[in-house]
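Structural description and commentary
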Amino acid sequence: MNKNILNLLNGFIFTSVLALVSMYIASLQVFYSLSISPLLIGVLAGILFSSVYRAKEQFCNKGVSFSAKKLLRLGIVLYGFRITLEGLASVGVSGVAISLSVVVGILCIGTFLGIRIFRLDKEMALLISVGSAICGAAAILALESALKSPPYKSLIAIGCVVVFGLLGMFFYPLLYSFSALGLDSMQWGIFLGVSLHEVANVVAAGSAISNECQDFAVIVKMLRVLLLIPVLFIVPLFFTDSRGAKTLQIPYFAFGFLAVIVLHSTCNLPQVFVESANMLCTFCLVMAMSALGLQIDFKKFAAYGLKAFSFGFVLCLILGVGSYALVRLFTY
């Protein structure tokens, strides 16, 4: 067998096994009840086996790279099956205005603070900001693919949004239990939808309050996810190549993402097809996360870690306070 094909196959099988095991672990009751994402488990599994990968890298690096890049893009495209235009429209003008304000505001404020105050490079500041502003790991992976930034930067950014997203998932329902913030179920739903990082965080936190809250939270969150499309086209325009010229890495998979949303919204697709597509989406994204974990460079992670997590924490505070202020402004 051709060496390149064998290399590709070895890496694909390696990441497939890690992804399948990660999805199984995430399905166990103890993890499922806490809404621990298989994406998080996948990246941890990759980190755990990174030393094995480094020892055998020359035999499987092409397959691992394929999983981290190509399968990632397929996963983002399939993510469109989780969104419908009708659902997005149901949140009304206020939901759209709040979502748009959060995405634009966090991207701008985050980029400024990350570069000027925390002294991060532009790519790192943008990756953490887009993960906070839009949809956590999926947004970071999508932007990393569009920018073609080094994998270790994505891994650090994902670590930030995963940690603070999980903290928010537990903290906000606790605030609700103490009758804090003075919001009704609809307002809590909008607040959770615009302030939490991952879709899983939103689902778990919303369900802890009420079914109505969960419905609004998920819809608003999906609206933020949809805003990923223009972000993928606009952000790369602010980067330059080695000669100082403007570059545009056209994220063609964004067109596929939008096409799938339209298809899902306008066609009466069989439920088994949609569920299968969602499962394949999760599998592809978990494979991509596992591949990122395998490629981690601990020296670079240590160099960026403290600054990046400090920045992520500040951005999380701004996201929470700003989201609450916007909900108060637009829904009263």
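Above this text is the structure in question.
Everything quoted here is computed from the prediction, not taken from an experiment. (Residues numbered from 1 in each chain as written. Predicted model: local features only at pLDDT ≥ 70, side-chain atom pairs only at ≥ 80, totals over all residues. Heavy atoms only, no water.)

**What to know about the overall build of the protein chain**
Each helix and strand in the protein chain was counted, giving 17 helices and zero strands. Overall, the protein chain is about 65 × 50 × 35 Å in size when its C-alpha atoms are taken along their principal axes. Put simply, 80% of the contacts in the protein chain that link residues at least 6 apart link residues at least 24 apart. Looking at the protein chain as shown, the accessible area adds up to about 14,900 Å², and 70% of this sits on carbon and sulfur atoms. Between the averaged position of the 21 positive side-chain charges in the protein chain and that of its 12 negative side-chain charges there is a distance of 14 Å. (Helix = DSSP H or I, 4+ residues; strand = E, 2+ residues; numbered from the N terminus. Contact = heavy atoms within 4.5 Å. Areas by Shrake-Rupley, 256 points an atom, 1.4 Å probe, with all protein chains shown as cover. Lys, Arg positive; Asp, Glu negative; His and termini not counted. Charge placed at Lys NZ, Arg CZ, Asp CG, Glu CD.)

**Some points on the pattern of salt bridges**
A full pass over the atoms with the stated rule returns three salt bridges. For the salt bridge of Lys153 with Glu123, the shortest nitrogen-to-oxygen distance reads 3.0 Å. Taken together, the positions of Lys153 in helix α10 (residues 151-177) and Glu123 in helix α8 (residues 122-135) put the pair 30 residues apart, joining distant regions of the chain. A residue is classified by how much of its surface remains accessible, and Lys153, at 8% relative accessible area, is buried. The buried category is assigned to Glu123, whose relative accessible area is 15%. (Salt bridge = Lys/Arg side-chain N within 4 Å of Asp/Glu carboxyl O. Buried < 20%, exposed > 50% of the residue type's maximum accessible area, 1.4 Å probe, protein only.)

**As for unusual backbone geometry**
Look at Arg119: it is not a glycine, yet its phi comes out positive at around 60°. Within the secondary structure, Arg119 sits in the loop between α7 (92-117) and α8. Arg119 sits in the exposed class, given a relative accessible area of 60%.

**Re the layout of surface pockets**
Of the volumes computed, that of the largest pocket is approximately 850 Å³. Surrounding the largest pocket, 24 residues form its lining, Ser37, Pro38, Arg82, Ala200 and Thr282 being those nearest its centre. Counting residues per element, the ones that place at least two in the lining of the largest pocket are α1 (3-27), α2 (29-32), α3 (38-48), α12 (199-207) and α16 (271-294). At five residues, α16 tops the list of elements feeding residues into the lining of the largest pocket. Residue composition of the lining of the largest pocket, by class: 16 nonpolar, five polar and three charged. Looking at the second largest pocket, its volume works out to about 380 Å³. Taken together, 15 residues make up the lining of the second largest pocket; nearest its centre are Leu107, Cys108, Ile234, Val235 and Phe238. For the lining of the second largest pocket, the elements supplying multiple residues, two or more each, are α7, α8 and α14 (228-234). Of all the elements, α7 adds the most residues to the lining of the second largest pocket, at seven residues. Residues belonging to the lining of the second largest pocket are distributed by class as follows: 13 nonpolar, one polar and one charged. (1 Å grid on protein atoms, 1.4 Å probe; cavity = no way out; pocket = protein on both sides within 12 Å on 5 of 7 lines; lining within 4 Å. Points joined across faces, edges and corners; volume = space filled by probe spheres on them. Nonpolar A, V, L, I, M, F, W, Y, C, P; charged D, E, K, R; others polar.)

**Brief notes about α7**
The end-to-end C-alpha distance of α7 is 36 Å, a good match for the 38 Å that 26 residues give at a rise of 1.5 Å each. Arg119 sits one or two positions beyond α7 and adopts a positive phi of about 60°. (Expected span 1.5 Å × (residues − 1).)

**Considering the environment of Val262**
Mapped onto the secondary structure, Val262 falls in helix α15 (residues 252-266). With 178 residues separating them in the primary sequence, Val262 and Thr84 have C-alpha atoms 7.3 Å apart.

**Description of empty space enclosed by the protein**
Per the stated rule, a full pass over the model turns up two cavities of 30 Å³ or more. In this structure, the largest cavity encloses a volume near 80 Å³. Within the residue set of the lining of the largest cavity, elements represented by two or more residues are α3, α10 and α12. In terms of residue class, the lining of the largest cavity is made up of six nonpolar, three polar and one charged. Reported here for the second largest cavity is a volume of approximately 40 Å³. Around the second largest cavity, the lining residues are Ser65, Ala68, Lys69, Glu144, Pro151, Leu292 and Gln295. With three residues, the top contributor of residues to the lining of the second largest cavity is helix α5 (residues 57-78). Residue classes in the lining of the second largest cavity are distributed as three nonpolar, two polar and two charged.

**As for the packing of aromatic side chains**
Within this structure, the stated rule accounts for 10 aromatic pairs. Measuring from centroid to centroid gives 5.7 Å for Tyr176 and Trp188, while their planes differ by 90°, and the two rings are edge-to-face. In this pair, Tyr176 is assigned in helix α10 and Trp188 in helix α11 (residues 185-195), connecting sequence segments 12 residues apart. The exposure class assigned to Tyr176 is partly exposed, which follows from its relative accessible area of 31%. Aromatic pair Trp188 and Phe191: ring centres 5.6 Å apart, planes at 80°, arrangement edge-to-face. Here Phe191 and Trp188 lie together in helix α11, a separation of three residues that amounts to about one turn. (Phe/Tyr/Trp six-rings, centres within 6.5 Å; stacked < 30°, edge-to-face > 60°.)

**Focus: the packing of α8 against α10**
Contact geometry of α8 with α10 gives a least axis separation of 9 Å together with a crossing angle of 35°. For α8 against α10, the interelement crossing comes out right-handed. Judged by residue contacts, Glu123, Met124, Leu127, Ile128, Gly131 and Ser132 of α8 engage Lys153, Ser154, Ile156, Ala157, Cys160 and Val161 from α10. Its residues assigned to classes, the contact of α8 with α10 comprises seven nonpolar, three polar and two charged. (Axes fitted to C-alpha atoms, helices over the stretch in contact; angles between N-to-C directions. Left-handed = near helix turned anticlockwise from the far one by under 90°.)

Distances and angles like these do not, on their own, reveal function.
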